[in-house]
Amino acid sequence: MLKRLKNIKIGPLLTHVIISLAYPGAKAAISSYNRLQIFSDSMTIIALLLLLVGVFYGMLLHGDFDVTGYLIKRATEKTPTETYEVYKENKKEKRADSFNYPFFLGVLYLIVSIVIAYVFL
């Protein structure tokens, strides 16, 4: 994952951050007491969900589901147009500059929520 850090794009990163922090921010905003603790707890939940999604997305980026995708594509087409090797190479080219935003943000949010919990609470 560290060698893919050069593939981070600002647009998708900001989109992921805004969407993933919407729930903890709203939960803390409507709370009447102990807002920082509620924000930290909500961010921990979102971080764990992002880590789970990031693990599955990482498996997808490594090609663990290529055979399944090819079989589904072949079953839905009336006449298969490409072999598995061609399909695998096309997928590998598309995945070359991808980045696992959910896993990265999950780790980052978990670290931030731990820091908030131990330093500020």
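The structure under discussion appears in the preceding block.
What counts and how
Residues numbered from 1 in each chain as written. Predicted model: local features only at pLDDT ≥ 70, side-chain atom pairs only at ≥ 80, totals over all residues. Heavy atoms only, no water. Helix = DSSP H or I, 4+ residues; strand = E, 2+ residues; numbered from the N terminus. Polar contact = N/O pair within 3.5 Å; in protein donor to acceptor, adjacent residues only side chain to side chain. Contact = heavy atoms within 4.5 Å. Phe/Tyr/Trp six-rings, centres within 6.5 Å; stacked < 30°, edge-to-face > 60°. Axes fitted to C-alpha atoms, helices over the stretch in contact; angles between N-to-C directions. Parallel < 35°, antiparallel > 145°, perpendicular 65-115°, else oblique. Left-handed = near helix turned anticlockwise from the far one by under 90°. Salt bridge = Lys/Arg side-chain N within 4 Å of Asp/Glu carboxyl O. Buried < 20%, exposed > 50% of the residue type's maximum accessible area, 1.4 Å probe, protein only.

Caption draft 1: Region of the structure containing unusual backbone geometry. In this model, Asn 34 sits at a positive phi of 50 degrees, which is unusual for a non-glycine residue. Locating Asn 34 in the fold gives a position in the loop between helix H1 (10–30) and helix H2 (35–61).

Caption draft 2: Looking closely at the side chain of Asn 100. Within the element layout of this structure, Asn 100 appears in the loop between helix H4 (84–94) and helix H5 (101–120). Polar side-chain contacts of Asn 100 include one of 3.4 Å to the backbone nitrogen of Phe 103. Asn 100 has contacts with Gly 54, Tyr 57, Gly 58 and Leu 61, leaving out every residue within four places of it along the chain.

Caption draft 3: Examining the packing of aromatic side chains more closely. Under the defined criterion, the tally for this structure stands at four aromatic pairs. A ring pair is formed by Phe 99 and Phe 104, whose centres lie 5.5 Å apart and whose planes are at 65 degrees; its orientation type is edge-to-face. Grouped by ring-pair contacts, the aromatic residues Tyr 70, Tyr 84 and Tyr 87 constitute a single cluster.

Caption draft 4: Layout of the packing of H1 against H2. Two numbers describe how H1 lies on H2: the axes approach to 8 Å, and their chain directions differ by 160 degrees. Here H1 is positioned roughly antiparallel relative to H2, judged by the angle of their axes. For H1 against H2, the interelement crossing comes out right-handed. On H2, the residues touching Ser 20, Leu 21, Tyr 23, Pro 24, Gly 25, Lys 27, Ala 28 and Ala 29 of H1 are Arg 35, Ile 38, Phe 39, Ser 42, Met 43, Ile 46 and Leu 50.

Caption draft 5: Inspection of the environment of Glu 77 at higher detail. With respect to the element layout, Glu 77 can be found in the loop between helix H3 (66–76) and H4. Considering only alpha carbons, one finds Glu 77 and Ala 28, 49 residues apart in sequence, at a separation of 49 Å.

Caption draft 6: The arrangement of the pattern of salt bridges in detail. Considering all chains together, one arrives at two salt bridges under this definition. When the shortest N-O distance is used, the salt bridge between Asp 66 and Arg 95 registers 3.0 Å. Here Asp 66, found in helix H3, pairs with Arg 95, found in the loop between H4 and H5; they are 29 residues apart in sequence, far enough to count as distant. This pair shows no difference in class: Asp 66 is buried, exactly as Arg 95 is. The salt bridge partner of Lys 73 is Glu 82, with a shortest N-O separation of 2.9 Å. Using a relative accessible area of 30% as the deciding quantity, one classes Lys 73 as partly exposed.

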